[in-house]
Amino acid sequence: MTDLEIKDNYSLICKLIADRELKPAFDLTLRLISGLGLGEYRDEYDDLEQNYRFMLKYTVEGINDPERQKIYHHLLISSFELGDKINDNLMMKFSQEVPYQKKRGFSKLYITNLSEYLEQLKEFYLGKELHSLINPAAEDSGAVKEAEAHLQKIFNLFYHFWFVNKLSQEEIEFFRAFLNLDLVPFHEKAILITCLTLSVIRFFDENKIILLFESYDYEDVEINQRALIGILIVLYHYDQRMFLFPGITGRMEILNEDPAFKANLEKVILQFIRSKETEKIQHLLQDEILPEMLKISPNLRNKLSLEGLLSEGAADDKNPGWQEIFKDSPGLMGKME
C-alpha cells in the first residue's frame, strides 16, 4: 500500500466522520481492518459499530435517552481515534516518509524513566554553570564529551516526544517541568515545542495541543511564538474535529479576547500566506526568467548595467541599449523587477 493510498483512505474516513456519515466511515474502516491484516482493531471496531446500531435503534423506536448526545459525542471521538490508530499502523508498515523510517528504528530508544532523565539533565546544566563560574575560559576534553553526551540526550528527547502517539501523565509532567526549569537554555525549550507540534500533526492527542496552549503563556518570545505557530498549524490540520474538543476551542476563545493575541495571530497568518508564494516564485525563476536571461546573456554583460537597471529611480537614458536587448523578451523586465 502506498503512502498516497493510506492518506487518501485516512482523509476520507475523517471527512465522513466529521460529516456524521458514520455508516460509510465504518464500512471503509472495516475494509481496511479485514483486507490489511489489522485484526488487533477488530474488537474496538465491533464495539463502536454496535453502539452505533443501538443509537439508531433507540432513535427509530422513539426511546428518550438523556445521555444520547453525550454517547454520540463520545462515539465520534472514538471513531476518529480508531482511524488515527489504523492510519499510524499502516504508515508504520508501508510508509517511506522520513518520520516513519526513523520511528521504526527508534522502537528500543524510548526514554523509560523521564523523572530520572530530567535529573540527569539538571546535573548537566548545574555542572556547566558551575564550571563557567570557576574557570570560564577553560574547555577540557571531559567537558566536551559531556556536552556531546548532553546533545545526544536532547536528540533522544526530541525523537521520544515526536514519535509517541498519546502522552502519558509522566510525559506531560516532564514537559511542564522542562519548560519551567530556568537552567534550560531557551533554544532547547524551543526544540521541545517544535517536536510537540510535529508529534500532534503525526498523531492527534488533545493533551499535546493543551501543552502548546500552556507554552504560549510563557514570557520568552522564542517559546510563545513557536507555540503560537504550532497551535495555528494544528488547528488548521485538525479543523474537522475541533468541534468535539471544547477544552481546546474554549482556550482559543479566551485568547481571542486579547487584542495583543489577535494582532500576533494576524502577523503569523500573514507570514504563512507569504510563504505560499515561495513555490510560485521558484517556478517563475526556473521556468521563465532564467531561460530568457540565458538567451540575452551574451549581450547583457557588455551593454547593460544590471545594478543601474534595477536600482530605484533608474531612468531609460542611463542604459540606452536596454530596450534593444529586451525587445526579444517582452515582459522579462517586469518579471525581473
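In what follows, the structure referred to is the one given above.
The shown structure was predicted, so the numbers you read here are calculated from the model rather than taken from an experiment. (Residues numbered from 1 in each chain as written. Predicted model: local features only at pLDDT ≥ 70, side-chain atom pairs only at ≥ 80, totals over all residues. Heavy atoms only, no water.)

Colleague: Quick question: what am I supposed to make of the overall build of the chain here?
Modeller: When you go through the chain residue by residue, the secondary structure sums to 17 helices and zero strands. Burial status across the chain gives 37% buried among its 337 residues. Within the chain, residue pairs in contact and separated by at least 24 positions form 67% of the contacts whose partners lie at least 6 positions apart. Of the accessible surface of the chain, which amounts to about 20400 Å², a share of 55% is contributed by carbon and sulfur atoms. (Helix = DSSP H or I, 4+ residues; strand = E, 2+ residues; numbered from the N terminus. Buried < 20%, exposed > 50% of the residue type's maximum accessible area, 1.4 Å probe, protein only. Contact = heavy atoms within 4.5 Å. Areas by Shrake-Rupley, 256 points an atom, 1.4 Å probe, with all protein chains shown as cover.)

Colleague: Which parts of the structure should I look at to understand the pattern of salt bridges?
Modeller: Should the charged atoms of two oppositely charged side chains come close, the side chains can pair. Summed over the entire model, instances satisfying the criterion amount to 12 salt bridges. Between Lys122 and Glu119 there is a salt bridge, with its nearest N and O atoms 3.5 Å apart. Of the two residues, Lys122 and Glu119 both sit in helix α6 (residues 114–134), three residues apart, roughly one turn of that helix. Taking the relative accessible area as the measure of exposure, Glu119 reaches 40% and is therefore partly exposed. The residue Glu214 makes a salt bridge to Arg176 at a minimum N-O spacing of 2.8 Å. (Salt bridge = Lys/Arg side-chain N within 4 Å of Asp/Glu carboxyl O.)

Colleague: What exactly am I supposed to notice about the side chain of Ser215 here?
Modeller: Within the element layout of this structure, Ser215 appears in helix α10 (residues 206–216). Once you skip the residues sitting within four places of it in the chain, Ser215 turns out to touch Phe175, Leu179, Ile193, Ile223, Asn224 and Ala227.

Colleague: In this structure, what is going on with the environment of Asp19? I would like to understand it.
Modeller: Structurally, the position occupied by Asp19 is in the loop between α1 (3–18) and α2 (22–35). Judged by its relative accessible area of 37%, Asp19 is partly exposed. The sequence separation of Asp19 and Gln240 amounts to 221 residues, and the corresponding C-alpha distance is 8.6 Å.

Colleague: How should I be thinking about the packing of aromatic side chains in this particular structure?
Modeller: Centre-to-centre distance and the angle between the planes together describe a pair of aromatic rings. Following the criterion strictly, the structure yields 18 aromatic pairs and no others. Seen from their ring centres, Phe54 and Tyr58 are 6.3 Å apart, and the 10 degrees between their planes marks the pair as stacked. Highlighted residues: Phe54 and Tyr58, both in helix α3 (residues 42–60), separated by four residues, approximately one helical turn. What makes Phe54 partly exposed here is its relative accessible area of 37%. With a centroid separation of 6.1 Å and 20 degrees between ring planes, the pair formed by Tyr159 and Trp162 is classed as stacked. In this pair, Tyr159 and Trp162 are both assigned in helix α7 (residues 141–163), three residues apart and thus about one turn of the helix distant. Through a chain of ring-to-ring contacts, the aromatic side chains of Phe106, Tyr110, Phe158, Tyr159, Trp162 and Phe163 assemble into a single cluster. The ring of Phe204 has Arg241 sitting right over it, with the charged end atom 4.7 Å from the ring centre. (Phe/Tyr/Trp six-rings, centres within 6.5 Å; stacked < 30°, edge-to-face > 60°. Lys NZ or Arg CZ within 6 Å of the ring centre and 35° of its normal.)

Colleague: Even after reading the chapter, I still don't get the nonpolar core, so can you show me in this structure?
Modeller: It is characteristic of soluble globular proteins that their nonpolar side chains tend to be buried jointly. Counting residues in each nonpolar core, the largest one holds 81 residues, and the members touching the most others are Leu157 and Phe178. The dominant element in this core, judged by the number of residues it contributes, is helix α4 (residues 68–94), at nine residues. Beyond its immediate stretch of four places on either side in the chain, Leu157 contacts Ile111, Leu114, Tyr117, Phe174, Phe178 and Leu192. (Core = buried A, V, L, I, M, F, W, Y, C linked by side-chain atoms within 4.5 Å.)

Colleague: How should I be thinking about helix α8 (residues 169–180) in this particular structure?
Modeller: Note on helix geometry: an α-helix contains 3.6 residues per turn, so any two residues three or four positions apart are oriented the same way. A rise of 1.5 Å per residue sets the reference length of α8, with its 12 residues, at 16 Å; its end C-alpha atoms lie 17 Å apart and thus fit the reference within 8%. When α8 is considered as a whole, its buried residues turn out to be Glu171, Ile172, Phe174, Phe175, Phe178 and Leu179. Down the axis of α8, the sector holding all buried residues measures 165 degrees, keeping them to one side. (Expected span 1.5 Å × (residues − 1). Arc of directions from axis to C-beta.)

Colleague: What should I look at first to understand the packing of helix α11 (residues 221–237) against helix α13 (residues 259–275) in this one?
Modeller: When two helices pack together, their arrangement is given by the angle between the helix axes and by the axis-to-axis distance. Packing of α11 against α13 brings their axes to within 11 Å, and their N-to-C directions diverge by 70 degrees. In terms of orientation, α11 and α13 fall into the roughly perpendicular class. α13 is crossed by α11, and the crossing has right-handed handedness. Counted together, Gln225, Leu228, Ile229, Leu232 and Ile233 of α11 and Phe261, Asn264, Leu265, Val268, Ile269 and Phe272 of α13 form the full contact between these two elements. Taken together, the residues of the contact of α11 with α13 sort by class into nine nonpolar, two polar and no charged. (Axes fitted to C-alpha atoms, helices over the stretch in contact; angles between N-to-C directions. Parallel < 35°, antiparallel > 145°, perpendicular 65-115°, else oblique. Left-handed = near helix turned anticlockwise from the far one by under 90°. Nonpolar A, V, L, I, M, F, W, Y, C, P; charged D, E, K, R; others polar.)

Colleague: Sorry, what's going on with the packing of α2 against α3 here?
Modeller: Two elements in contact, α2 and α3, have axes separated by 11 Å at closest approach and are oriented at 160 degrees. Accordingly, the angle class assigned to the pair α2 and α3 is roughly antiparallel. Here α2 runs over α3; the crossing is left-handed. Between α2, through Leu22, Lys23, Phe26, Thr29, Leu30, Ile33 and Ser34, and α3, the contact on the second element is made entirely by Arg42, Tyr45, Leu48, Glu49 and Tyr52. Residue composition of the contact of α2 with α3, by class: seven nonpolar, two polar and three charged.

Colleague: When you look at unusual backbone geometry in this model, what are you seeing that I'm missing?
Modeller: Leave glycine aside and you will find that most residues have negative phi; peptide bonds, for their part, are mostly trans. Backbone geometry at Arg20 places phi at a positive 65 degrees, although glycine is not the residue there. Here Arg20 is to be found in the loop between α1 and α2. A residue is classified by how much of its surface remains accessible, and Arg20, at 43% relative accessible area, is partly exposed.

Colleague: I'm lost on the environment of Ile210 in this one. Help?
Modeller: Relative to the helices and strands, Ile210 is located in helix α10. The class of Ile210 is buried, set by a relative accessible area of 12%. Each C-alpha atom, one on Ile210 and one on Ile172, is 10.0 Å from the other, the two residues being 38 residues apart in sequence. Apart from the residues within four sequence positions on either side, Ile210 is in contact with Gly247, Ile248 and Arg251.

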